[in-house]
Amino acid sequence: MSDLVPISITVNGRRYELEVEPRLLLVHLLREKLLLTGTHVGCDTSQCGACTVLLDGRSAKSCTVFAVQADGSEVVTIEGLERDGQLHPVQEGFWEEHGLQCGYCTPGMIVSVVDLLNENPNPTEAEIRAGISGNFCRCTGYQHIVKAAQYAAARMRGVSS
Amino acid sequence: MIPTKFAYRRAASIDEAIRLLQESGGEAKLLAGGHSLIPLMKLRLSEPALLIDIGRIPDLRGIRERDGLIEIGATTTHHELATSELLRRLAPVVSEAAAEIGDPQVRHRGTIGGSLAHADPAADLPAVMVAIDAEIHLKGPNGWRTVPAESFFQDLFTVDMQPDEVLAAVKFRPVWHAAYAKLHQRASHYAIVGVCAALAIENGTIRSARVAVTGASTHAQRLPNVEERLVGRQPTQAVIDEAASVAGDTLEDVNSDIHASEEYRRAMVKVFTRRALERAVARA
C-alpha cells in the first residue's frame, strides 16, 4: 500500500541513495535521515519559510515537498553554503549586520537571500523585502536582515567584478 | 504534521495518469507542485490512497503561442508565468497576477493547473482566467474536453472536472487592456479580494468588458453589472467610478472570516474593481 520508494538525491554536493516512505517530507528527510538539522520546521503550513532550501537551484519550502518529488534533484541547505571554512557572503552579511536575534528563521532567511541574489545581483530595498516575503522573522523587524542582504549583494558584486 | 499513508506512482504521460486515476476508483489525487494538496494532506483534510505524480510529464509544461492562442501547460509554475517573456508581451496581466501569488518559494513550486483545479476561493488565477475568457483543456478516458473558465469554477473548491480527468492546459487569446488588483492577506498572500478586468477598447470606446472577482465569495465569478456599465462607453474616470460603485452588489454569498468581515470585503470589491479598471485602461 505505501511501499518504500527508492530515490537518489544530492544534498550539499553529496549523493544519497535512499528508500523512503512516500509521505516523508523533504524537511524530515534532511533533518531526521541525513541529520542536517540546520533546516528548521517553523509553522509547518507553507508560510513561515524556516524550512527553505534550494531545490534544483531555486528556493522551496521543504515542509511542502515530498522527498519522492525530489528524486534526482539537487538540494542545498544552510550547511552547504560555506566553502572551505569560509562563510557564504550572505552568511557573512548576517554576521556583520546583526541579521538575526534568536536565529530560528535564519537558515531559511539566508537561503532565500541567496536565491534572490542569484537572480538579481543588485536588488533595491523593495526587491529585497519582496524576496524575503516568504520568510517570517519575529525578532528583528527585518531591518537588519535587509542590511545583511545589501551587504552580501555588494560583497558578491565586488567579488565577481 | 504527517499525512496519512499513501502509495506513490509517477506518470510518464497524460494517458498513463488517466489510466492510474481510473484504476484507483476515485481514491487517487494528482500531484504536481503540491502547494495546494500537500498542506491539505498534512492537515488530513485530504487522505488519498494514491498520489499520481504528473510533475515530470513534458507535454504538461511550458508556455507556447500557437494559431493565435497562448497555451500554458498545467504544470507550468507561477514563477515561470511571472517571468515569461511571451506572456509579458501578449498577456501581461497573467504574468502580473502570477507575480503576486504567495511568495518566491511558493511560486517556484506551485502550478497554474494546481491552482485552477483546486479552486481555492481566494486563489488569484481563477479570476484572471475568467476575465480573459480562457479555455480549460481537460483530458479523460474519452478524450479531450474544453470548458470555458467561467463555467469551470462552480462553487467552493468545486470545478467542472471528473475524478478521472487531467487538467492539461489553458488557452486564451492575447489580451492587453487587462489588469489584476489585489488586497493581500499579509501572511499567506492569498487574495482577501482580487479583481481582474479585461477590456477591449477600440477607437476610444469600450467594445467589451469582462470583470471577475476572487476572494470575495465561494468561487471566482464575473461581475455582470459592472461590465454592463462599461460596454459602449468611453473609458473615462467617471465611467470607471460609476461601474466600480456597483461592484459586488450582485454577489449573494460574501465571505466573512478572521481576515475580513463581509462588510469590509464588499467595500474592498468596489475599491479593487476601480483600481483594476484604471490600470486596464491605462495600459492603452
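Cut-offs used in this document
- Residues numbered from 1 in each chain as written.
- Chains lettered and ligands numbered in written order.
- Predicted model: local features only at pLDDT ≥ 70, side-chain atom pairs only at ≥ 80, totals over all residues.
- Heavy atoms only, no water.
- Contact = heavy atoms within 4.5 Å.
- Buried area = accessible area lost by both parts, 1.4 Å probe.
- Salt bridge = Lys/Arg side-chain N within 4 Å of Asp/Glu carboxyl O.
- Helix = DSSP H or I, 4+ residues; strand = E, 2+ residues; numbered from the N terminus.
- Nonpolar A, V, L, I, M, F, W, Y, C, P; charged D, E, K, R; others polar.
- pLDDT = per-residue confidence, 0-100.
- Disulfide = S-S within 2.5 Å.
- Buried < 20%, exposed > 50% of the residue type's maximum accessible area, 1.4 Å probe, protein only.
- Domains from an automatic or database assignment.
- Pairing = 2+ DSSP bridges.
- Axes fitted to C-alpha atoms, helices over the stretch in contact; angles between N-to-C directions.
- Core = buried A, V, L, I, M, F, W, Y, C linked by side-chain atoms within 4.5 Å.
- Parallel < 35°, antiparallel > 145°, perpendicular 65-115°, else oblique.
- Left-handed = near helix turned anticlockwise from the far one by under 90°.

**A few points about the interface of chain A and chain B**
- On the chain B side, the residues contacting the 36 residues of chain A number 33 residues.
- At the boundary of chain A with chain B, total buried surface from both sides reaches about 2,700 Å², with 57% on carbon and sulfur atoms.
- Summed over the shared surface of chain A and chain B, the result is three salt bridges.
- In this structure, B:Arg10 engages A:Asp71 in a salt bridge whose closest nitrogen and oxygen atoms are separated by 3.3 Å.
- Of all the secondary-structure elements, those providing two or more residues to the side of chain A that touches chain B are strand E3 (52-55), strand E4 (58-61), helix H3 (106-119) and helix H4 (125-131) of chain A.
- The leading source of residues in the side of chain A that touches chain B is E4(A), at four residues.
- Looking at the side of chain A that touches chain B residue by residue, the classes come out as 13 nonpolar, 15 polar and eight charged.

**Regarding the confidence of the model for chain B**
- Mean pLDDT for chain B: 97, with 100% of residues reaching 70 or above.
- Predicted complex metrics record ipTM = 0.96 and pTM = 0.96.

**Focus on the state of the cysteines**
Residues and elements named next belong to chain A.
- Summed over all chains, the structure comprises zero disulfides over all chains.
- This cysteine, Cys51, is not joined by any disulfide, and Cys63 carries the nearest cysteine sulfur, 3.8 Å off.
- With a relative accessible area of 3%, Cys51 lands in the buried category.
- Here Cys102 is not disulfide-linked; the sulfur of Cys139 is the nearest cysteine sulfur, at 3.8 Å.
- On the basis of relative accessibility, which here comes to 59%, the residue Cys102 falls in the exposed class.

**Some points on the domain arrangement of chain A**
Residues and elements named next belong to chain A.
- By domain assignment, chain A separates into domain 1 (5-80) and domain 2 (89-156).
- Here domain 1 and domain 2 have C-alpha centroids that lie 21 Å from each other.
- In this complex, domain 1 contributes 16 residues to the contact, which on the side of domain 2 involves 14 residues.
- In total, about 1,200 Å² of surface goes out of reach between domain 1 and domain 2, with carbon and sulfur atoms giving 53% of it.
- A per-residue breakdown of the area domain 1 buries against domain 2 is headed by His40, Arg58 and Ile78, which together make up 37% of the total.

**Here's the deal with the sheet that holds E4(A)**
All names here are of chain A.
- If you trace the five strands from one edge of the open sheet to the other, you get E2-E1-E5-E3-E4, paired in mixed fashion. Sheet topology places strand E2 (14-20) and E4 at the edges, where each strand pairs with a single neighbour. Here the average twist between neighbouring strands, direction ignored, is 40°.
- Where strand E1 (residues 5-11) lies against E2, seven bridges are found, and the strand directions are antiparallel. Within E2, the residue paired with Ile7 across the bridge is Leu18.
- With respect to the sheet, helix H1 (residues 26-33) is in contact with E1, E2, E3 and strand E5 (74-76), its orientation differing from that of E1 by roughly 75°.
- Strands in contact with H3 are E3 and E4; relative to E3, the strand with the most contacts, it is inclined by about 40°.

**Some points on the nonpolar core**
- Membership of the largest hydrophobic core comes to 43 residues, with the highest contact counts inside it found for B:Val94, B:Leu116, B:Met129, B:Ile132 and B:Phe172.
- Per-element accounting of this core gives the leading share, six residues, to helix H8 (residues 125-131) of chain B.
- When we break this core down by domain, the ones giving at least three residues each are domain 2 (58-172) and domain 3 (178-282) of chain B.
- Apart from residues no more than four positions distant in its own chain, B:Leu116 is found in contact with B:Leu125, B:Pro126, B:Met129, B:Ile136, B:Phe152, B:Phe153, B:Val159, B:Leu167 and B:Val170.
- A:Tyr16, A:Val20, A:Leu24 and A:Leu34 belong to the second-largest nonpolar core, a separate cluster that totals 33 residues.

**Some points on the packing of helix H2 (residues 89-96) of chain A against H3(A)**
Residue and element names in this part refer to chain A.
- Relative to each other, H2 and H3 sit at 125°, their axes nearing to 9 Å. Regarding the angle of H2 to H3, the classification is oblique. For the pair H2 and H3, the sense of crossing is right-handed. Seen from H2, the contacting residues are Val90, Gln91 and Phe94; seen from H3, they are Thr106, Met109, Ile110, Val113, Val114 and Leu117.

**Comments concerning the pairing of strand E11 (residues 178-184) of chain B**
All names here are of chain B.
- Taken across its seven residues, E11 has six buried, putting it largely inside the fold.
- Pairing geometry for E11 and strand E12 (residues 191-202), over seven bridges, is antiparallel. Bridge pairing in E12 places Lys182 opposite Gly194.
- Hairpin connection between E11 and E12: a loop of six residues separates the two successive antiparallel strands, and His189 in this loop has a positive phi of roughly 65°.

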